[in-house]
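Architecture and fold: a report
Here is what each chain is made of, one letter per residue.
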Amino acid sequence: MPVIECDVADARERLEDAGVEVEPGNTDHERWRASHGGATAVAYDGKVVIQGERPRDIEALLREGGGRAHVYFDGACRGNPGPAAIGWLIVTSEGIVAEGGERIGETTNNRAEYEALITALEAADDYGYSEVDVRGDAELIVKQIRGEYDTNNPELRERRVRALELLSTFDAWSIEHVPREVNDRADELANEALDR
């Protein structure tokens, strides 16, 4: 449950400018509340608390855009193909900005890795970052994105194109293969989603 410390009047204005309907609070302590997508924001003195399945739907509208972020992604699959899930997180100098994990049905491990990458890039774009350094432990995916390996599978080729489209929206980007232990939080999020 993200908590954003901010001027709640400015936060309200930012949401209204984005077309989100803001309503009065339900208690004496609540300044206002707003729902958008899969999230609800509740404003108190000096902070906004965001709840719901997709907190980034509102959180991205409230955070300042721009800047650089580190984006981590991982896909998990039990069997190949088999039940699959993704995990991702966005990290800045302030720590973890956002993270998520969800089941994606039955698919292959490589497809799960691509879905994790795409979801992480969409989240970074939603948050308005201008530069991303992407990290993942799937060497095949990283090398396909860099153009070092061909993508022969039509489904993976389609996802590679989507990932490159998303990367092109940033002012600058890099993608790097890292050891699993460096990517442990994204791996944890994917496996937690599979276990649910």
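Residues numbered from 1 in each chain as written. Predicted model: local features only at pLDDT ≥ 70, side-chain atom pairs only at ≥ 80, totals over all residues. Heavy atoms only, no water.

1. Remarks on the overall build of the chain
Per the secondary structure count, the chain includes six helices and 10 strands. Computed over its C-alpha atoms, the radius of gyration of the chain comes to 18 Å, within 12% of the 16 Å expected for a compact globule of 196 residues. Along the three orthogonal principal directions, the C-alpha set of the chain runs to about 55 × 35 × 30 Å. Considering only residue pairs separated by 6 or more positions, the chain has 63% of its internal contacts joining residues 24 or more positions apart. Of the roughly 10000 Å² of accessible surface on the chain, a fraction of 42% belongs to carbon and sulfur atoms. Side-chain charges of the chain comprise 22 positive and 42 negative groups, with the mean position of each set lying 3 Å from the other. (Helix = DSSP H or I, 4+ residues; strand = E, 2+ residues; numbered from the N terminus. Rg over C-alpha atoms; globule rule 2.2 N^0.38 Å. Contact = heavy atoms within 4.5 Å. Areas by Shrake-Rupley, 256 points an atom, 1.4 Å probe, with all protein chains shown as cover. Lys, Arg positive; Asp, Glu negative; His and termini not counted. Charge placed at Lys NZ, Arg CZ, Asp CG, Glu CD.)

2. Examining unusual backbone geometry
Cis rather than trans, the peptide bond between Asn-80 and Pro-81 has omega equal to 10°. Positionally, Pro-81 belongs in the loop between β6 (68-77) and β7 (82-92).

3. Some details on the pattern of salt bridges
Counted according to the given criterion, the structure contains 22 salt bridges. A salt bridge links Glu-16 to Arg-12; the shortest N-O distance between them is 3.2 Å. Taken together, the positions of Glu-16 and Arg-12, both in helix α1 (residues 8-17) and four residues apart, correspond to about one turn of that helix. In this structure, a network of salt bridges that share partners links the residues Arg-111, Glu-115, Glu-155, Glu-158 and Arg-159. (Salt bridge = Lys/Arg side-chain N within 4 Å of Asp/Glu carboxyl O.)

4. As for the nonpolar core
Residues Ile-90, Leu-117, Leu-121, Val-132, Val-134 and Ile-145 are the most contacted members of the largest nonpolar core, which totals 31 residues. Elements that contribute at least two residues to this core include exactly β6, β7, β8 (95-107), α3 (109-126), β9 (131-136), α4 (139-146) and α5 (154-167). Among all residues touching Leu-121, those that are not within four sequence positions of it are Val-132, Val-134, Ala-163, Leu-166, Leu-167 and Phe-170. In terms of nonpolar packing, the next biggest core, distinct from the first, is built from 15 residues, Val-8, Trp-32, Ala-41 and Ile-50 among them. (Core = buried A, V, L, I, M, F, W, Y, C linked by side-chain atoms within 4.5 Å. Buried < 20%, exposed > 50% of the residue type's maximum accessible area, 1.4 Å probe, protein only.)

5. Side note on the side chain of Asp-137
For Asp-137, the position within the fold is in the loop between β9 and α4. Using a relative accessible area of 12% as the deciding quantity, one classes Asp-137 as buried. Separated by 3.2 Å, the side chains of Asp-137 and Asn-183 make a polar contact. Asp-137 has contacts with Phe-73, Asp-74, Glu-113, His-177, Val-178, Pro-179, Arg-180 and Asn-183, leaving out every residue within four places of it along the chain. (Polar contact = N/O pair within 3.5 Å; in protein donor to acceptor, adjacent residues only side chain to side chain.)

6. Some remarks on the side chain of Asp-57
Relative to the elements of secondary structure, Asp-57 occurs in helix α2 (residues 56-62). If we skip the residues at most four places from it in the chain, Asp-57 touches His-36, Gly-37, Gly-38 and Ala-39.

7. Regarding α3
Over its 18 residues, α3 extends 26 Å from the first C-alpha to the last, a length consistent with the 26 Å expected when each residue adds 1.5 Å. Among the residues making up α3, those that are buried are Ala-112, Glu-113, Tyr-114, Glu-115, Ala-116, Leu-117, Ile-118, Thr-119, Ala-120, Leu-121, Ala-123 and Ala-124. After α3 finishes, the residue Gly-128 shows a positive phi value of roughly 80°. (Expected span 1.5 Å × (residues − 1).)

8. Describing helix α6 (residues 184-195)
The first and last C-alpha atoms of α6 sit 16 Å apart over 12 residues, in line with the 16 Å expected at 1.5 Å per residue. Among the residues of α6, Ala-186, Asp-187, Leu-189, Ala-190, Ala-193 and Leu-194 are the ones counted as buried. Take α6 and look down its axis: the buried residues cluster within an arc of 160°, on one side only. Where α6 is buried, its residues touch β6, β7 and β8. (Arc of directions from axis to C-beta.)

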